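Spelled out, the chains give:
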Amino acid sequence: MLAFRKIWGRLAAEEFCNYFSVQTASNTRKRCSSVKATVALKEDMRVAVIGAGVIGLSSALCIHDRYRSSVTPLIIEVYADQYTPLTISDGAAGLWQPYLYDKGNVQETKWNKETFDYLLTYINAPDSIKMGIFTQSGYNLFTEPTPDPSWRDSVLGFRHLTPQELDMFPGYSYGWFNTALMIEGKSYLPWLMDRLRERGVIFYHRKIESFRELVDSGVDVIVNCTGIRAGELQPDQDLKPGRGQILKVEAPWLKHFIITHDLKTGVYTTPYIIPGSNLVTIGGIFQLGNWSQECNSQDHQKVWESCSKLIPSLKHARIVDDWAGLRPVRSKVRLERETLEYGAVKSEVIHNYGHGGFGLTIHWGCAQEAANLFGKVVEEKRQKATSRL
């Protein structure tokens, strides 16, 4: 749900180089999409993915698996100044749950569902533990009746709460129960990294300052998955930070997620509790326009007191960590193609950012759409090659 970054001060650059060294591609292949490119290009295509959070890594994987047999060779490079375990995605609690209502943006609801359905196919797979994927059931609570969410048909067993269930939560008079999925970034990102290393994807620990530096180096297609940093590469007035702060606590007796809502104040402003595989994430901070990534004592206290009031037994939990981070908030996800021209040199950019606090929830649907856009570039290149014959 919530995208966060811990304030780290370790892992030297040489450790990154060792961890992200290139390995020979194996024959292993994971599912992406049944859609295939229609023609093989017998010339190289070089793709640079900027960003190594869940959006960047999943986009790289989906593009590779869909087109590796029809574009030869297909060279994919990932550029980032932070890799797992230092990304925003690593700090996310990882509950699959979009915002309550899509406000007519049905495309995002579709991408959310595609992600849920894709992940659900792994739920009993041997790799599910390595991926950090498991089912999680729980409650969404309100102080008044509210319409069902846009995602009600995506989750499992959606129903309204009974009066007896509501009695467990004083102050709340309406709610839902459903089973969803957990996707813990701290496990899922290393799993994605391993899949990409098997496929020969090249990783660079480097901050990209402009699209131009990649274009000048001969990159054909850039996939921009830079999250809140996207505005540094290209101005975007619609992109704003949505600062959040969470606590990680030891409370193994809590088995269900509990998310409270205030439709007047908006998302993430009221207490929520999300049990993970080892620790429980508690939160309830959303500060639009606040660029600070430092944890502060006032927000710490607000989260602790509000969540302890919701579930009094939390007072016996041990606080393990504070995390703070910036959600890349936009009115809608930017997932589109753009042609950049620098004199006589052209390059294609596929923008894939602005996922707010639900990057893990929507990532695979967006990765498939990024691959669709990449396929259009491939087709156009094929047509130009044919016209020269």
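Residues numbered from 1 in each chain as written. Predicted model: local features only at pLDDT ≥ 70, side-chain atom pairs only at ≥ 80, totals over all residues. Heavy atoms only, no water.

We now examine the packing of helix α2 (residues 54-67) against helix α6 (residues 185-198). Direction vectors running N to C along α2 and α6 enclose 30°, while the axes themselves pass 10 Å from each other. Taken as axis vectors, α2 and α6 run roughly parallel relative to one another. Classified by chirality, the crossing of α6 by α2 is left-handed. Of α6, the residues touching α2 (which contributes V54, L57, S58, A60 and L61) are Y188, L189, L192, M193, R195 and L196. Residue classes in the contact of α2 with α6 are distributed as nine nonpolar, one polar and one charged. (Axes fitted to C-alpha atoms, helices over the stretch in contact; angles between N-to-C directions. Helix = DSSP H or I, 4+ residues; strand = E, 2+ residues; numbered from the N terminus. Parallel < 35°, antiparallel > 145°, perpendicular 65-115°, else oblique. Left-handed = near helix turned anticlockwise from the far one by under 90°. Contact = heavy atoms within 4.5 Å. Nonpolar A, V, L, I, M, F, W, Y, C, P; charged D, E, K, R; others polar.)

This part is about the nonpolar core. Judged by nonpolar contacts, the single largest core of 74 residues is most densely connected at V47, Y188 and F374. It is helix α10 (residues 359-387) that contributes the most residues to this core, eleven residues altogether. Setting aside residues up to four positions removed in sequence, F374 forms contacts with M45, V47, I63, Y67, L74, V221 and I350. Counting 23 residues, the second largest nonpolar core, distinct from the first, contains L247, I273, V280 and I311. (Core = buried A, V, L, I, M, F, W, Y, C linked by side-chain atoms within 4.5 Å. Buried < 20%, exposed > 50% of the residue type's maximum accessible area, 1.4 Å probe, protein only.)

Summed over the entire model, instances satisfying the criterion amount to 18 aromatic pairs. The interplanar angle of 65° and the centroid separation of 6.0 Å between the aromatic rings of Y99 and Y268 together place this pair among those described as edge-to-face. Here the residue Y99 occupies a position in the loop between β2 (74-80) and α3 (106-120), and Y268 occupies one in the loop between β9 (257-260) and β10 (272-275), the gap between them amounting to 169 residues. With a relative accessible area of 7%, Y268 lands in the buried category. Here the aromatic rings of F158 and W176 are separated by 5.5 Å at their centres, their planes lie at 50°, and the arrangement is tilted. (Phe/Tyr/Trp six-rings, centres within 6.5 Å; stacked < 30°, edge-to-face > 60°.)

With respect to the secondary-structure elements, V333 resides in the loop between β13 (318-329) and β14 (334-342). On the basis of relative accessibility, which here comes to 7%, the residue V333 falls in the buried class. Along the primary structure V333 and E108 are separated by 225 residues, whereas in three dimensions their C-alpha atoms are 7.7 Å apart. In this structure V333 touches E108, W111, N352, Y353, G354, H355, F358, I362 and C366, once residues within four positions along its chain are discounted.

Looking now at the confidence of the model for the protein. Residue-level pLDDT values for the protein average 90, and 88% of them are 70 or greater. Low pLDDT, under 50, characterises residues 1-31; the stretch is placed with 96 contacts to residues that sit more than four places away or in other chains. Taken together, the stretch residues 33-39 has pLDDT below 50 and engages in twelve contacts with residues farther than four places along the chain or on a different chain. (pLDDT = per-residue confidence, 0-100.)

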